[in-house]
Amino acid sequence: MQFTWIYQKEHPQQVKYFLKEQGISKGLLAKIKFQGGEIKVNEQVENVLFSLTDNDKVTIVIPAEGEHETVLLDETPIDIVFEDEHVLVVNKPAGISSIPAQYHPNGTMANRVKAYYKKQGYENQVIHVVTRLDRDTSGLMLFAKHGFAHAKLDTQLREKKFTKKYQALISGKINELQQHGSIELPIARDYTSLLKRTISPEGRSAETEYWLDQVFSDAALVDIQLHTGRTHQIRVHFAAIGCPLLGDDMYEGRMDLGIQRQALHCYDLRFYHPFTQELLEFKQPLAEDMSAVIKRFKD
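Remember, it's a predicted structure, so these values are computed and weren't measured experimentally.

Reading the values: rules and limits
- Residues numbered from 1 in each chain as written.
- Predicted model: local features only at pLDDT ≥ 70, side-chain atom pairs only at ≥ 80, totals over all residues.
- Heavy atoms only, no water.
- Buried < 20%, exposed > 50% of the residue type's maximum accessible area, 1.4 Å probe, protein only.
- Helix = DSSP H or I, 4+ residues; strand = E, 2+ residues; numbered from the N terminus.
- Pairing = 2+ DSSP bridges.
- Salt bridge = Lys/Arg side-chain N within 4 Å of Asp/Glu carboxyl O.

S.K.: Break down the pairing of strand β9 (residues 87-92) for me, with residues and values.
M.R.: Most of β9 sits out of view: six of its six residues are buried. Strand direction decides the pairing type here: strand β8 (residues 79-83) and β9, joined by four bridges, are antiparallel. Residue pairing across strands places Ile80 opposite Val90, the latter belonging to β9. Linkage of β8 to β9, two consecutive antiparallel strands, is achieved through a turn of three residues. Here β9 runs beside strand β12 (residues 138-144); their pairing, made up of six bridges, is antiparallel. The residue bridging Asn91 from the neighbouring strand is Leu140, located in β12.

Okay, structure coming up:
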């Protein structure tokens, strides 16, 4: 894979500093140098100390990434929402983890994506997860298809240029909610559990913005946008204000309304393409189990 830029500055600059401005990390430069890549200036191979002048054509050739041999293959088909040579957006079903764990090395979205890459014969088969979802959360999930794209997308995440919205079904003190509000409560580990989180003044700051979408007799559908990315943030925040998610038994959500997993779905994902800078926006309808609950309330 190769990328090309035209150097357009009045003053000379070394290649390494110019490439840093394009998002090329020291690690990627080392990979290009030691794993079969190239740096060219005006079609001639040069090193990172070469001094660029105005209108020089700079090309980098990034070696193929091969694959993570330790990541197992899961041939289960994936639901592809969008794909090009740099990014892959999929619709993750509930009940599937994003990445393998020590005692669950297979059956995750990463395993499924690896099998898809292998079947397609892609030269880059390392799995780069950009946005994860909890095991029982459904919806849009983003993968970068090579390390350079991953680095560029991570920069967007740090600069908060991503928009990631969810829909959730909640119950409890719904009549106390505003039409539009924000929950700002710090989140920490709950040391009574390996997984659970809790509200604590010693925790990390967290902000969850929400909009009431539909209100039913025993529940409500809310739109949610995260402004921080803490573990279980949506689940912890809504439980803390007396409105836990349906099906979320970890945080005392109701289990008698037709859904047996936290009723949470990532339905809206927006980010800038890492190379064209085009704003990409994807929307994914609610998963069938959440739609069925809403239909039940409306009937």
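Resuming the write-up.
S.K.: Got a sec to walk through the pattern of salt bridges? Specific residues and values, please.
M.R.: Taken as a whole and assessed by the stated rule, the structure comprises 18 salt bridges. Taking the shortest distance from any N to any O, the salt bridge between Arg261 and Asp289 comes out at 2.9 Å. Placement of the pair is Arg261 in the loop between α5 (233-240) and β19 (264-272) and Asp289 in helix α6 (residues 288-298), with a sequence separation of 28 residues. Residue classification places Arg261 among the buried residues on the basis of a relative accessible area of 7%. You can call Asp289 partly exposed: its relative accessible area is 27%. Among the ionic pairs, Asp268 bridges to Lys283, the shortest N-O distance being 2.8 Å. Of this pair, Asp268 sits in strand β19 while Lys283 sits in strand β20 (residues 279-283); the two residues are 15 residues apart in sequence, bridging distant segments of the chain. Taken together, the shared-partner salt bridges in this structure form one network comprising Asp268, Arg270, Glu281 and Lys283.

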